[in-house]
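Chain and residue survey
Residues per chain are reported as follows:
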Amino acid sequence: MLKDFFIGLSQNQLLNTAAKKYGLKLGAQNVVAGTNVEETIQSIKELNAQGISCTVDNLGEFVFEKEEALAAKEQILEVIEAIHENGVDAHISLKPSQLGLDIDLDFCLENLTEIVSKAKSFNVFINFDMEDHARLQPSFDLLDELSKDYDNIGTVIQAYFFRAVEDIQKYKDFRLRIVKGAYKETEEFAYQDKKEIDENYIKLIEWHLLNGKFTSIATHDHHVINHVKQFVRDNNISNDKFEFQMLYGFRKDMQLKLASEGYNFCTYVPFGNDWYGYFMRRLAERPQNLNLVVKQVFNKKTNTMIGLAAGAFALGRVSRKK
Ligand SMILES: Cc1cc2nc3c(=O)[nH]c(=O)nc-3n(C[C@H](O)[C@H](O)[C@H](O)COP(=O)(O)OP(=O)(O)OC[C@H]3O[C@@H](n4cnc5c(N)ncnc54)[C@H](O)[C@@H]3O)c2cc1C
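Analysis parameters
- Residues numbered from 1 in each chain as written.
- Predicted model: local features only at pLDDT ≥ 70, side-chain atom pairs only at ≥ 80, totals over all residues.
- Heavy atoms only, no water.
- Phe/Tyr/Trp six-rings, centres within 6.5 Å; stacked < 30°, edge-to-face > 60°.
- Helix = DSSP H or I, 4+ residues; strand = E, 2+ residues; numbered from the N terminus.
- Buried < 20%, exposed > 50% of the residue type's maximum accessible area, 1.4 Å probe, protein only.
- Pairing = 2+ DSSP bridges.
- Right-handed = clockwise from strand over helix to strand, strands pointing away.
- pLDDT = per-residue confidence, 0-100.
- Contact = heavy atoms within 4.5 Å.
- Axes fitted to C-alpha atoms, helices over the stretch in contact; angles between N-to-C directions.

Taken as a whole and assessed by the stated rule, the structure comprises 10 aromatic pairs. Consider the rings of F244 and Y263, whose centres lie 5.5 Å apart with planes at 75°: the pair is edge-to-face. With F244 in strand β7 (residues 242-247) and Y263 in the loop between α10 (252-260) and β8 (265-271), this pair connects stretches of sequence that are 19 residues apart. One exposure class covers both F244 and Y263, and it is buried. Ring geometry for W275 versus F279: centroids 6.0 Å apart, planes at 70°, classification edge-to-face.

Below is the structure:
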């Protein structure tokens with residue numbers, strides 16, 4: 001129920017537009033690395049110094065205006081250049097819907113081609129984040145088209161989809177990030193039960209570790225992480241075949257611990273002002289993340305409509321649960 005509430009908020013275009021005007025607020029700055037490329041590169045340098053590589057996400061999604069998509073493309077090109085110039089250990093994560101997927105597929109492909117081509121010339125990897133079901137097949141179609149000419153691309157497999165088992169086999173020669181899945185999907189396409197999602201998640205990770213190219217295991221779930229550690233030991237899978245990934249600002253101690261234990265670790269580093277949808281999905285996944293909002297509301301005495309509405313509703317739900 002609470003999950004549905006925040007997922008609903010994450011897809012609300014009006015609130016998204018309103019939130020952009022406020023810059024980094026409501027506690028989002030705890031989980032967003034910066035507002036511009038310079039600040040973000042600084043955050044990446046700090047993570048690199050701790051043995052952690054990064055995947056950089058220029059926040060933004062569900063773009064319906066060409067101008068906005070073109071501006072996003074320019075921003076991503078700027079990040080690619082900055083990665084190269086600063087020699088940092090980082091690659092790019094992007095959302096096809098930010099680059100025109102919902103406007104026109106050819107337009108989106110043009111934007112993606114420019115990005116992937118520039119990244120290739122600087123030896124930078126590009127990961128396609130996967131969004132909701134409506135955008136799943138079009139995103140794979142774009143990936144198929146681009147992979148005819150480029151090998152510096154990979155994508156995400158979302159374990160809640162029934163089709164994930166076939167997708168992972170089809171894309172086994174790609175570098176894949178495997179996740180549970182962050183959007184609200186119907187029972188027509190996706191498992192609804194957390195136990196079933198978790199079981200499928202483990203199944204997909206194991207399959208790709210044994211049969212696929214490089215595997216990024218993107219989760220904050222220590223049960224899954226412990227399972228993977230044991231699985232790779234039992235199957236003599238070397239550390240260079242996989243990495244763990246977590247989101248910037250979450251479980252920082254565990255991020256450092258995994259890196260210090262010798263595992264490849266990559267932090268997903270979002271930046272920019274379009275934090276709203278990303279942040280609402282984080283609240284949907286884990287209502288405890290609401291403490292980021294509450295701290296901010298009380299510390300800074302901010303009084304935005306969105307923060308208080310979300311906070312009041314969710315606190316009511318959480319305290320009734322106790
Ligand atoms: C790097 C990265 C990239 C992602 N990319 C995508 C994408 O492209 N598309 C997409 O749909 N989704 C993506 N996701 C989101 C993903 O699909 C899940 O929604 C999200 O990661 C929550 O699931 P989880 O596996 O982390 O653990 P959950 O199922 O949320 O939690 C399982 C258990 O882990 C523990 N736990 C979880 N979080 C915390 C915490 N912060 N502190 C303490 N304990 C905790 C708790 O015990 C919890 O019960 C991405 C996630 C990551 C980390």
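On to the pairing of strand β2 (residues 90-94), then. Of all 5 residues in β2, 5 are buried; the element is thus mostly enclosed. Neither face of β2 is open: one carries A90, I92 and L94, the other H91 and S93, and all of them are buried. Pairing between strand β1 (residues 53-58) and β2: 4 bridges, direction parallel. Bridging from a neighbouring strand, T55 pairs with H91 of β2. Note that β2 and strand β3 (residues 126-128) share 3 bridges and pair parallel. Bridge pairing in β3 links I92 to I126. You can see the chain leave β2, run along helix α5 (residues 105-121) and come back into β3, and the turn it takes is right-handed.

Take the confidence of the model for the chain next. Per-residue confidence for the chain gives a mean pLDDT of 88; residues scoring 70 or more make up 88%. Confidence drops under pLDDT 50 across residues 300-322; counting only partners more than four residues distant or on other chains, this segment forms 30 contacts.

Turning our attention to the sheet that holds β2. The 8 strands are arranged β1-β2-β3-β4-β5-β6-β7-β8 in a closed barrel whose pairing can be described as parallel. The mean angle between the axes of side-by-side strands here comes to 30°, regardless of whether they run parallel or antiparallel. Running at roughly 160° to strand β5 (residues 176-179), helix α8 (residues 194-211) makes contact with β4 (153-158), β5, β6 (215-218) and β7 of the sheet. Where helix α9 (residues 222-234) meets the sheet, its contacts fall on β6 and β7, and the angle it forms with β7 comes to roughly 170°.

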